[in-house]
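Fold and geometry: a report
One letter stands for each residue in the lines below.
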Amino acid sequence: MTGRIRGALGALGLLAMGATTPVTAQAQEVQSYTVSIAGLNVGTASLAVNTAGDRYSAEARIRGRGLVGRLFDFGYVGNSSGRIVSNFKLQPDQYRANKNSSGETRAYYLDYRGGLPVRAETVPPTNFPQYAPDPSKLGGSLDPISAAWTLLRDVPVGQACNRSTMVYDASRSFRVWLQPREQAGDLWSCAGAYSREGGFSPRKLAEQKVFPFKVFFREDAGMMRAVRVEVVTTYGTARATRN
């Protein structure tokens, strides 16, 4: 059961990352979320971003709490920086992160040159290095924090949905995509999915490869703002709700 909950937290964490305290106070853009499963609050997440000219930097954190915190330890802290290119396309320069899951801590390092990962390292190494994707074939991919900002930033109407991105964290790669928007009461919803690609064992891929989710946006003055992310799990709907 805890493994399933970790998976849900991880999927929501991609879409709702969290800021470290020093950056939150000074960041130009801050998003914070409460994460719940079947109505039970199980964690927090947020995203803090600064921009200057065509440069961006972001720091993030996701943390399990409450009952989940007593069942196992789960935490993520990371930062990313890079360049904003045409049409708000991001080109990361560097990604650093630390993830703790059930007492096991792993550090992730990514360096890029021209949008291509040229250094990809995890410390300690992953448990399944034989399945690791080839970074040289992942040009144009985004690190998890850059991907979260791309998917959840405030955007003009018509730009929030119907797009996709490849994500790489120095260990695994996965694709995230959103379909065209649909009316959902007073909100708009974009159905999407998270698809495991490289770095996963055959057992993990057989267990589940695609994880459907929905992102809900509120339209205001010609802009779309993400307000909620939902992922259906065997233990109920997992939600990251914007505070």
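Residues numbered from 1 in each chain as written. Predicted model: local features only at pLDDT ≥ 70, side-chain atom pairs only at ≥ 80, totals over all residues. Heavy atoms only, no water.

Description of the pairing of strand E13 (residues 210-220)
As judged from the eight bridges shared by strand E12 (residues 187-196) and E13, these two strands associate in the antiparallel manner. By the bridge assignment for E13, Gly192 is matched with Phe213. As defined by bridge partners, E13 adjoins strand E14 (residues 223-233) across eight bridges and the pair is classed as antiparallel. In the sheet register, Glu219 faces E14, and the bridge partner there is Met224. (Pairing = 2+ DSSP bridges. Helix = DSSP H or I, 4+ residues; strand = E, 2+ residues; numbered from the N terminus.)

Section: the environment of Met166
As for its placement among the helices and strands, Met166 is situated in strand E9 (residues 163-168). On the accessibility criterion, Met166 (18% relative accessible area) is buried. Measuring from C-alpha to C-alpha, the distance between Met166 and Ala147 comes to 8.3 Å, with 19 residues separating the pair along the chain. (Buried < 20%, exposed > 50% of the residue type's maximum accessible area, 1.4 Å probe, protein only.)

Describing the state of the cysteines
Under the definition given, this model contains one disulfide. Across the disulfide, Cys161 is cross-linked to Cys190 (sulfur-sulfur distance 1.4 Å). Of this pair, Cys161 sits in the loop between strand E8 (155-156) and E9 while Cys190 is found in strand E12, placing the two residues 29 residues apart along the sequence. (Disulfide = S-S within 2.5 Å.)

Digging into the pairing of strand E3 (residues 55-64)
Residues of E3 alternate between two faces, with Tyr56, Ala58, Ala60, Ile62 and Gly64 buried on one and Arg55, Ser57, Glu59, Arg61 and Arg63 left unburied on the opposite face. A loop of two residues connects strand E2 (residues 40-52) with E3, the two strands running antiparallel in sequence, and Gly53 in this loop sits at a positive phi of about 65°. Where E3 and strand E4 (residues 74-84) come together, nine bridges link them in antiparallel fashion. Residue pairing across strands places Ala58 opposite Ser80, the latter belonging to E4.

Section: the environment of Gly78
For Gly78, the location among the structural elements is in strand E4. Sequence-wise, Gly78 and Glu59 are 19 residues apart; in three dimensions their C-alpha atoms are separated by 5.7 Å.

Quick word on the nonpolar core
Counting 51 residues, the largest nonpolar core has Phe213, Val215 and Phe217 as the members making the most contacts within it. Examining the composition of this core, we find that five residues originate from one element, helix H4 (residues 144-152), more than from any other. Excluding residues within four positions of it along the chain, Phe217 makes contact with Leu151, Ala160, Cys161, Leu187, Trp188, Cys190, Met224, Arg225, Ala226 and Val227. (Core = buried A, V, L, I, M, F, W, Y, C linked by side-chain atoms within 4.5 Å. Contact = heavy atoms within 4.5 Å.)

Some points on the pattern of salt bridges
On inspection of all chains with the given rule, the structure shows 14 salt bridges. Here Arg55 makes a salt bridge to Asp93, at a shortest N to O gap of 2.4 Å. Taken together, the positions of Arg55 in strand E3 and Asp93 in strand E5 (residues 90-101) put the pair 38 residues apart, joining distant regions of the chain. The exposure class assigned to Asp93 is partly exposed, which follows from its relative accessible area of 27%. Of the charged contacts in the structure, one is a salt bridge between Glu219 and Arg181, with a shortest N-O distance of 3.4 Å. (Salt bridge = Lys/Arg side-chain N within 4 Å of Asp/Glu carboxyl O.)

Here we look at the confidence of the model for the chain
For the chain, the mean per-residue pLDDT works out to 85, and 84% of the residues sit at or above 70. Highest mean pLDDT in the chain belongs to strand E7 (residues 116-123) (96); lowest belongs to helix H2 (residues 21-24) (38). Of the regions scoring below 50 in pLDDT, residues 17-25 engages in 34 contacts with residues more than four places distant in sequence or in other chains. (pLDDT = per-residue confidence, 0-100.)

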